[in-house]
Amino acid sequence: QVQLVESGGGLVETGGSLRLSCAASGSFLSLYIMGWYRQAPGKQRELVATITSDGSTNYADSVKGRFTISRDNAKKMVYLQMNSLKPEDTAIYYCNVRAAFAVGPSRADDWGQGTQVTVSS
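Draft legend 1. Seen up close, the overall build of the protein. A tally of helices and strands in the protein yields zero helices and ten strands. Starting at the N terminus, the α and β elements of the protein follow one another as β-β-β-β-β-β-β-β-β-β. Projecting the C-alpha coordinates of the protein onto the three principal axes gives extents of approximately 50 × 25 × 20 Å. Looking at the protein as a whole, 40% of its 121 residues qualify as buried.

The following block contains the structure:
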């Protein structure tokens with residue numbers, strides 16, 4: 001099992017910036033893909049960005065050029081730098097990781113509580 005704790009959300013004006021952090025802990029051996037997802041009211045959860053263990057990144061088209069995902073493997077942390085924020089970025093942001101365990105296949109079943117990001121127009 002992986003425990004994930006997100007932080008860094010808040011209220012910001014259009015065009016502003018926020019940096020989200022996610023700390024992973026638990027009885028896993030290593031972390032593979034780490035990612036950020038978001039869920040706006042009345043909408044399904046969607047992928048925002050992912051980063052592999054060797055640093056390869058992938059972004060949703062809606063955030064390309066504005067958001068940057070990074071990770072610190074030693075600290076078991078993943079970050080999301082969000083610039084040029086828009087009202088449509090308003091959502092609860094969650095991190096998710098695929099972790100390797102001593103027994104069984106890798107899993108990506110666990111989610112944190114999320115952190116609220118609100119962008120005012």
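Draft legend 2. Geometry of the side chain of Arg38. With respect to the helices, strands and loops of the structure, Arg38 is situated in strand E4 (residues 30-39). Among the polar contacts listed, one links the side chain of Arg38 to the side chain of Glu46, at a separation of 2.7 Å. A polar side-chain atom of Arg38 sits 2.9 Å from a polar atom in the side chain of Tyr93. Residues within four places of Arg38 in sequence aside, it is in contact with Gln44, Arg45, Glu46, Val48, Ser62, Val63, Phe67, Glu88, Asp89, Ala91, Ile92 and Tyr93.

Draft legend 3. Fine view of the state of the cysteines. According to the stated counting rule, one finds one disulfide in the structure shown. One disulfide in the model links Cys22 with Cys95; its S-S distance is 1.8 Å. Of this pair, Cys22 sits in strand E3 (residues 18-26) while Cys95 sits in strand E9 (residues 91-100), and the two are 73 residues apart along the sequence. The buried category is assigned to Cys22, whose relative accessible area is 0%. Look at Cys95 and you get buried, because its relative accessible area is 0%.

Draft legend 4. Representation of the pairing of strand E8 (residues 77-82) within the structure. When you tally the buried positions in E8, you get five out of six residues, the bulk of the element. Bridge count between E3 and E8: six bridges; the pairing is antiparallel. Following the sheet pairing, Cys22 is matched in E8 by Val78. Here strand E7 (residues 67-72) pairs with E8 via six bridges, running antiparallel. Pairing of Arg71 across the sheet is with Val78, part of E8.

Draft legend 5. Highlighting the pattern of salt bridges. One pass over the full model with this rule turns up five salt bridges. Here Arg38 ties to Asp89 by a salt bridge, and the two come within 2.9 Å at their closest N and O atoms. Linking Arg38 in strand E4 with Asp89 in the loop between E8 and E9, this pair joins segments that are 51 residues apart in sequence. Like Asp89, Arg38 is buried. Taken together, the shared-partner salt bridges in this structure form one network comprising Arg38, Glu46, Arg66 and Asp89.

What counts as what
Residues numbered from 1 in each chain as written. Predicted model: local features only at pLDDT ≥ 70, side-chain atom pairs only at ≥ 80, totals over all residues. Heavy atoms only, no water. Helix = DSSP H or I, 4+ residues; strand = E, 2+ residues; numbered from the N terminus. Buried < 20%, exposed > 50% of the residue type's maximum accessible area, 1.4 Å probe, protein only. Polar contact = N/O pair within 3.5 Å; in protein donor to acceptor, adjacent residues only side chain to side chain. Contact = heavy atoms within 4.5 Å. Disulfide = S-S within 2.5 Å. Pairing = 2+ DSSP bridges. Salt bridge = Lys/Arg side-chain N within 4 Å of Asp/Glu carboxyl O.

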